[in-house]
Structures are given as C-alpha cells and as structure tokens.
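Secondary and tertiary structure notes
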There are 4 protein chains.
Amino acid sequence: MFRRAILDAAEAVFAERGFHAARIQDVAERAQIAVGTVYNHFAQKEDVLLALFTERMRDMHAELVAEPSPPEAFADRLLHWLTRMLRFVDRHRSFFAVASEHGLTAPRPPSATEAIFGDARPFERIDADFRSLVRDGVAEGAIAGDARLLTRFLVGTIHAIVFGAVADGRARIEDEAPRIAALFLRGALARPGEPPPAKRSPRPKRAAR
Amino acid sequence: MFRRAILDAAEAVFAERGFHAARIQDVAERAQIAVGTVYNHFAQKEDVLLALFTERMRDMHAELVAEPSPPEAFADRLLHWLTRMLRFVDRHRSFFAVASEHGLTAPRPPSATEAIFGDARPFERIDADFRSLVRDGVAEGAIAGDARLLTRFLVGTIHAIVFGAVADGRARIEDEAPRIAALFLRGALARPGEPPPAKRSPRPKRAAR
Amino acid sequence: MFRRAILDAAEAVFAERGFHAARIQDVAERAQIAVGTVYNHFAQKEDVLLALFTERMRDMHAELVAEPSPPEAFADRLLHWLTRMLRFVDRHRSFFAVASEHGLTAPRPPSATEAIFGDARPFERIDADFRSLVRDGVAEGAIAGDARLLTRFLVGTIHAIVFGAVADGRARIEDEAPRIAALFLRGALARPGEPPPAKRSPRPKRAAR
Amino acid sequence: MFRRAILDAAEAVFAERGFHAARIQDVAERAQIAVGTVYNHFAQKEDVLLALFTERMRDMHAELVAEPSPPEAFADRLLHWLTRMLRFVDRHRSFFAVASEHGLTAPRPPSATEAIFGDARPFERIDADFRSLVRDGVAEGAIAGDARLLTRFLVGTIHAIVFGAVADGRARIEDEAPRIAALFLRGALARPGEPPPAKRSPRPKRAAR
DNA sequence: CATGAATGAGATTTCATTCAT
DNA sequence: GATGAATGAAATCTCATTCAT
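Everything quoted here is computed from the prediction, not taken from an experiment. (Residues numbered from 1 in each chain as written. Chains lettered and ligands numbered in written order. Predicted model: local features only at pLDDT ≥ 70, side-chain atom pairs only at ≥ 80, totals over all residues. Heavy atoms only, no water.)

Around DNA strand E sit 28 residues, and of these Phe2 and Thr37 of chain B, Tyr39 of chain C together with Phe2 and Thr37 of chain D come closest. Separating a phosphate oxygen of DNA strand E from a backbone N or O atom of Lys45 of chain A is a distance of 2.9 Å. Between DNA strand E and Asn40 of chain B there is a distance of 3.2 Å, counted from a base nitrogen to a side-chain nitrogen or oxygen. Of all the elements in the fold, those that place two or more residues in the surface near DNA strand E are helix H3 (35-41) of chain B, helix H3 (35-41) of chain C together with helix H3 (35-41) of chain D. A total of 5 residues in the surface near DNA strand E trace back to one element, the largest contributor, which is H3 of chain D. Taken together, the residues of the surface near DNA strand E break down into 14 nonpolar, 10 polar and 4 charged. (Near = heavy atom within 4 Å. Polar contact = N/O pair within 3.5 Å; in protein donor to acceptor, adjacent residues only side chain to side chain. Helix = DSSP H or I, 4+ residues; strand = E, 2+ residues; numbered from the N terminus. Nonpolar A, V, L, I, M, F, W, Y, C, P; charged D, E, K, R; others polar.)

Here it is as structure tokens:
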C-alpha cells in the first residue's frame, strides 16, 4: 500500500522544507512513486498533512492508552507516561518538527489553521490525553493549579526540552523524561538539602557545566 | 518612510496567514502601498521577515537593557524582567506569533532556517539575554541546574503561558508574569501548607475552571 | 514530443520580435501549448535560445559534412559548399535572422553573449567548418591572405547578400551562391575584357536597377 | 546640457547589455544623474535609442561630407572614405555594437524595428552615402555590378572586418581600411605575379600566420 | 529643470492538479 | 491503480514611467 509510503515521505519532506515550501513532487520522489499516485490517495496537498497528523496522533494515542499507567503515585505515573511519549517522539522526530509548526504545542491563528485543516482538529484527542493526565494529578492533590494552565505548562516544557535535545543531536530523547518531569513538578528553584539537581547528563565530548 | 509601515503590515499578515502563505501583495495592501514599493525597501520576501525579526528583537533587547534589574533577590529580578518582557510582547502580539513559528521559542531544523535567514541569527542576542538572566540565578545559587537547559525551560514556560493567554483572549499579558515565574521556579507540585496556588485569575465572562 | 514544436515556435517568434522582446507566452501560443509546458523542457528562456542554436547548428553541420565536396578546384568546391549551405538557410530563414543577432555572423561583445549563453559556444563548430574551407583554399593556393580574416570576409559577404535577398523577398536564396562566390573571390572591381558581371538577376515584378 | 551625457551613457550601457536588457536606471547612473532627468529629455526609452542613432548618424554623415573626396581614382577615394569612416567608428565603438544589433548593417524584420523606431529610419542617410559612393564607382566604370548589391557587399565587408578587429582588441580600426578596400575591390583570389596580399598586420604578441 | 521614491503592469517561473495512457 | 507530461493560475520580482518636492 502506497498510502503509508506517502505519509512517511511527507513526514520527512515537510520536516525538512516546511509544508508550504515542500512540493508534492518532492514527496513523490522520496516515496519513489509518481506524482499522480499521490493524488490517487489524497485529493489535495493539505489532505496529506492532515492525514499525517491524524494517523500519527492516532498511533500515539493508541500507544499511550495501550498500557494504562498503573495506580502509582502521580510523579511515577507522569514519568512513565512521559517516557512512553518520548519514545514515540523519538521514532517520529521529523513528525514533531512538522506538527509543532502547525499547532501541536501552541495555538495558531484560526485563519492559518483553517486554510489547511478546514475544521478538522487532529490534535484534539492527544490534547485531551494530556489534560486528562494533568487533571488526575490535580484531582488527587499531587499538583495544584488550573488544569488547563498546567497542561500548557507541561506541553511547553516538553516542547522546549525535546526540541532542545533534538537540536543538540541527543540520541535518546526518552532519557529527557526525568528532567522534564522534575522541571514540571518542582521547577528550577535550588532546594538546599536536596541532592543537586541534574546538571544535564554529561556527554562524552563536552564536560558538564 | 514606508519601511516602518511595511514591517508593521508584514507583522500582521504573516501572523494571520503564516509567512509562506502570505503574499507580498497582501503586505502591500495592508500597508496601503504598491507592491513595487515593498521591493524598493527589501530585495526579497525573506528579507522582510528577517528585517522584522531583527528590528523587533533589537527593540526588545533595548527595552530590556534600558532599565537594568536592581540587585534584588533573583525571584524579584525574574519577575521584574518578565513583566517588562511581557509588556513588550503585549504591544507586538502578532510579532510573537510569527517569531515562535520561526525559532524564537524553540530551535528549528537548520534546513528550515537557512532557507529563510541564510546565516543570519536574529534571535541570538535576545537568547543571550535570557541565558544571562538564568546564569546569574544559577551563579547566586537561587536556581540550580544546567543554564542552557533552564533557559530553554524558562522560554518554554513563557511560550506556553503567553500563547495560552493570547488564545484565551486575555487583555494584559504582563499579568501572566507572576504565574510564569511561579511555574518556572517551583513547578506544578502541590505544596501542603502553602496557600493554594492561583487557580487562574477569574475572568468576568467565564468562571475559572 | 513538444520539444521540437517549442523550438520551431521560438525560432519564429524570436525572429519576429527579437529574443528579448519575445515572451515565453508568445512562444507557447505559437506552439499551441501551455506556458508551463515550455518549462517542462527548458529551465529558462535563455535555454530555449541556446537549444535552438545548438540544434540548428548541429543539423547544419551534419548537412554540410554529409556530402563532402569532391576534390575539384577550390572555386567549384566553394560554390558547391555555398549552395548546400544556402539551401539550409532557406529552410530556416527565421533562424538566421535570430542567429545573426546573436553572433553567428560577427563576434558580439562578450558581456552580451555571456548573459545569454553562459560559456556555451553554439557557433564554434560551424565557424570551424567555415575556417576549414577557407584554410584549404589558402593551402592549395587558390586564395591568399590570413585565413581568419578571409573567413570573416566570407561570412560577411554571405551575411550581406543573404539578408539583402531576404529583405528583397527573393524566393530561392541558394541562387545567390554564385554571386557570393564571385564577390568573395574577385571582389567588385570591373575587369575589362570580362563579360559584364551580373547586374543582379532580373526579377519579374521589378526591373533591376 | 544633460542630453549629451545621457546619450553617451546610453551608448555605453546599450552596448554592454543590449537595449532590452539595459535599464534606464543604468543609463542614469552611468550619466551620474537621476532617472527622472532622463525623462525630462526623452519621453520614453525607445526615444533614447532613436536619438542616439539619429545624432551619431548625423555626426558621421557630417564628418564624411565635410571634406569631400577629391576627384582621384575610385580606389583612392574609397580608401580615403573608409579611413575617415573607420576613424569615426573608432571613436564610437560601443555605438556600432548597438547599431549593428538594430539594423545598421543588415535589414531587421519590420515588426522588430517598428516596435522601437516607429517609422523613423535613422540609417537612411548614411545608407544613401554608401550607395552614392558605390554608384559613383559604377558610373565611372571602376567597379561593376548592381549598385545596391555592391553596397550591401561593401557594408557586409566592413561589418565583418570591423567587428573582427574589435573582438581581437585591435587598437586602431582605421588601419583596417586598406584591407577592407582590397577585399572589396579584388576579393580573396590569389593573383600570381602580384605581391602577396596582406597576411594581416603582425601584432607584437602573436606571430603572423 | 533635477530628483528619486512610488507605482503597477507585465514578465518569468513555480507547482498543485488533471488526465490520457 | 500507477504514471508523468501537460496545464495554467498564481506568486515573485523587475523596471519603465510618473510626479510631488
């Protein structure tokens, strides 16, 4: 089935060039098929992007709910959840580069979104997953504050650390999960008496600062 | 001088439609000038975006360094700094919508950036400002961890809260400064004994959730 | 294949309007195809001109070498050669109008040529053919002088007579071959004792002047 | 008066880039004036070219008739005439590069000419001068043939030798006059018993061939 | 008259989309 | 379905020309 090949190719090409600058021709070439074939599967360019988002988000959701977090303490569940999520991100780095441009991690102006997605909301379910995780934490008193706000905070933290790690060329993004969890939960404040917080896992080439 | 008008128009149009989808024609119309006039000031479309980034970032930097933070405790300085920054953001909301798409708040793949900016790095200075703030906090022991990581965390937090506020249509973004500072410093963890953290400042129209 | 049709159309349009004044649109219309189709075959307008020159010159060269001149006296070989050449010119009158503007019959300033051809030299081979003919004549003592100069003189003579004939609307350009040969070999000088030189072959419509 | 400066600048720029590729801006810059000033003197770009042709041709004509050829033998008069002409060409090399593109030495398709000149015929008078010279030669029996044809032959010969000399970078074009006269009068034929024809004046750098 | 920024028609070129094979 | 050349609307960019200063 070429549908799969097209979406994989689109993921790579859109990530490299950006959706608008990418040409259907490029996608077809990367998928080693003819342009016409792309149009046998998708009515228009926008639909490729939408399908890409929908499928990847469906997969990610499926993976996250497949093994529901055991009823441990929230901090453990969060870490577990983040690890599984980042493992998925790792396998689809290009995808997240594309998705972050199109509103995965921050709301985009409606006009920009409508032009591409119409009224589809491909990120809605995954967003609900995040919010649900956070809401549970609030409900059981582990974290405190407005769930909506905290969800954004969590997503923002993930966004910043993940893209930072990608830019640094780190190999295993899931290793960032503890750092993300720690920052999300306890912030940056130095806590005397506590063991010194992660100064970033040392990398061979450069000494930790 | 139309240069200013062009950049203002571009800011609005790019924010609405995204850089790639925006046509020079749109920018010209919004600026109430002819297409050719845009090209009297900028050789290519990309240069408009680059100039926009460069100028706004210059202004922002100027505003941040104009009144250096007094030597208070780090938390106070952070709050002060954030407030001034958000005041600027407030006056240039559209700009930040554009800029966040092009790498202001998280690194973008080099291929995507090069295509537009060549080797210009319009966000370098403001990034240094952020890092310098964070580094000071680390140096005086107020916050702990890798400065680079913490800077990303801070920027990510700002990003999340600011765009959330914009999406919610909040009027004064600078009012978010305390929330950002609190999340950045102490994270989301519920701290028994502390007064319950802001459950989001109530807005007249809609009850806080 | 439209490549052929495009080149034929370009030949006509460039001849009529000149290369610079001609629009790709005109070429496409004349070829009865869409503008985009031209760009499926040639990356830029200049490439159409270059391809036109390259192909026609290749054909002309092929035709000239196909039937090598028999080892007669030089004057006979020259006449034979000119006749075949003019026969080709006749079938591609428009082409020669274009080509003479771009350096076929006299060197153009390098700046003008580079802008269009880069470092391609489409006339090089045909020029070599001319020079080789002349050189042979010099070698066997039939004509005397610097081969390079004489080649230019020959080409100049052809140019003058051919375009004169075209402007006069003469039907068969190959009929000019004897006149060209005579002028090239013996010049304009009146030679007492010789039969009076052709006062121009009379045309039905207008009396020779 | 700027009119003169504009025409001089136009001569240079048109020669370098060709008329169509040259921008009025370039002409203005070369003349060290503003674009608007060009339009204070000429209604449109085409008029600059036309004026350039008209004035230079007027000057050339004036120079040729200023000192009428003495009643010597035709060959001497021809040489004298050519020398004066080439001296003028030498002072306006760029001009002749432009003029040859626009029909000075070969008829151009009417549509191409009309687009630029309307119904002006800037080369008419100089053409008449040439024809008159040739006609006299025919009248007194020095040369034989159709005057119109011989005129074209003469012009073609000049064209070929002059542009060849320019391309070779020769310093004094008027030195070519004897060569042109010889070729025009006697052609290329080797004439046993005659002194060997010019094998091209030797140049320091390269040995004569 | 000189100036040069503004204008906008128009040319080149790109690329999503179609469709005959 | 797959193919890929053809299509032509649309975008970028150029530049002759205008006109307020």
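In this section: helix H7 (residues 110-117) of chain A. Burial in H7 of chain A covers these residues: Ala112, Thr113, Ile116 and Phe117 of chain A. Buried residues of H7 of chain A, seen end-on, are gathered within an arc of 100 degrees and therefore sit on one face of the element. Turned more than 90 degrees from where H7 of chain A packs its buried face, Pro110, Glu114 and Ala115 of chain A sit exposed. Along its buried surface, H7 of chain A packs onto helix H4 (45-66) of chain A together with helix H1 (2-17) of chain B. Immediately downstream of H7 of chain A, the backbone of Gly118 of chain A shows phi near 65 degrees, a positive value. (Buried < 20%, exposed > 50% of the residue type's maximum accessible area, 1.4 Å probe, protein only. Arc of directions from axis to C-beta. Contact = heavy atoms within 4.5 Å.)

The next subject is the side chain of Glu101 of chain A. Turning to its location among the elements, Glu101 of chain A is positioned in helix H6 (residues 93-101). For Glu101 of chain A, a relative accessible area of 15% puts it in the buried group. Side chain to side chain, Glu101 of chain A and Arg108 of chain B meet in a polar contact 3.5 Å long. Other than its neighbours up to four places away in sequence, Glu101 of chain A contacts Gly18 and Arg108 of chain A together with Glu101 and Arg108 of chain B.

Interface size is often expressed as the accessible area that is lost when the parts come together. At the junction of the two partners, chain C supplies 50 residues and chain D supplies 49 residues. Interface of chain C and chain D: buried area, both sides summed, is about 4300 Å²; carbon and sulfur atoms make up 61% of it. By the criterion of area lost to chain D, the three top residues of chain C are Leu149, Phe153 and Ala188 of chain C, representing 14% of everything that side buries. Inspection of the chain C/chain D interface yields 6 salt bridges. For Arg152 of chain C, the salt bridge identified is with Asp168 of chain D, shortest N-O distance 3.0 Å. Applying the counting criterion to the chain C and chain D interface returns 20 residue pairs in polar contact (both at pLDDT 80 or more). Among the secondary structure elements, those contributing two or more residues to the side of chain C that touches chain D are helix H1 (2-17), helix H6 (93-101), helix H7 (110-117), helix H9 (147-168) and helix H10 (177-186) of chain C. (Buried area = accessible area lost by both parts, 1.4 Å probe. Salt bridge = Lys/Arg side-chain N within 4 Å of Asp/Glu carboxyl O.)

Moving on: the environment of Arg131 of chain A. Residues and elements named next belong to chain A. By the element assignment, Arg131 lies in helix H8 (residues 124-139). Judged by its relative accessible area of 22%, Arg131 falls in the partly exposed class. Taking C-alpha positions, Arg131 is 28 Å from Glu46, a pair spaced 85 residues apart along the chain.

What follows concerns the interface of chain B and chain A. In this assembly, 51 residues from chain B lie in contact with 49 residues from chain A. Our count for the contact surface shared by chain B and chain A stands at 6 salt bridges. Among the salt bridges present, the one from Arg108 of chain A reaches Glu101 of chain B, with a minimum N-O distance of 2.8 Å. Taken together, the links from chain B to chain A amount to 20 residue pairs in polar contact (both at pLDDT 80 or more). Contributing elements (two or more residues each) for the side of chain B that touches chain A: H1, helix H6 (93-101), helix H7 (110-117), helix H9 (147-168) and helix H10 (177-186) of chain B. Of the residues in the side of chain B that touches chain A, the class split is 26 nonpolar, 10 polar and 15 charged.

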